[in-house]
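Here are the chains, one letter per residue:
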Amino acid sequence: MFDGVREFFAMLDVHPFWPTLLVTLSFVQCLFPYKPVAKIKETKDKDGNKLYVVYKHRDK
């Protein structure tokens, strides 16, 4: 079934593990397309009011 693909990689002198790994990692990245930009933490003050603290992620 994958003889043509194997022959193509043999012609390029590439082990089939690496293209398979790239395709698999690309698929996994597509499952999680969005990156979180902030974290919200809910706390209560001494009067019992809810406070929301927002932590924004910085790009490194």
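Owing to the predicted nature of the structure, the values given are computational and were not obtained by experimental measurement.

Conventions used here
- Residues numbered from 1 in each chain as written.
- Predicted model: local features only at pLDDT ≥ 70, side-chain atom pairs only at ≥ 80, totals over all residues.
- Heavy atoms only, no water.
- Patch = residues over 30% accessible without salt bridge, like charges linked within 9 Å, V, L, I, M, F, W, Y side chains within 5 Å.
- Areas by Shrake-Rupley, 256 points an atom, 1.4 Å probe, with all protein chains shown as cover.
- Salt bridge = Lys/Arg side-chain N within 4 Å of Asp/Glu carboxyl O.
- Helix = DSSP H or I, 4+ residues; strand = E, 2+ residues; numbered from the N terminus.
- Buried < 20%, exposed > 50% of the residue type's maximum accessible area, 1.4 Å probe, protein only.

Participant: So what's going on with a nonpolar patch on the surface? Residues and values would help.
Facilitator: Among the surface-exposed residues, F8, M11, L12, V14, F17, W18, L21 and L25 lie close enough to one another that they form a single nonpolar patch of about 800 Å² accessible area. At the level of secondary structure, the elements contributing two or more residues to the nonpolar patch comprise α1 (3-12) and α2 (17-31). Sorting elements by how many residues they give to the nonpolar patch places α2 first, with four residues. In this structure, L12 sits in helix α1. Since its relative accessible area comes to 45%, L12 is described here as partly exposed.

Such coordinate-based values are descriptive only and should not be taken to indicate function.
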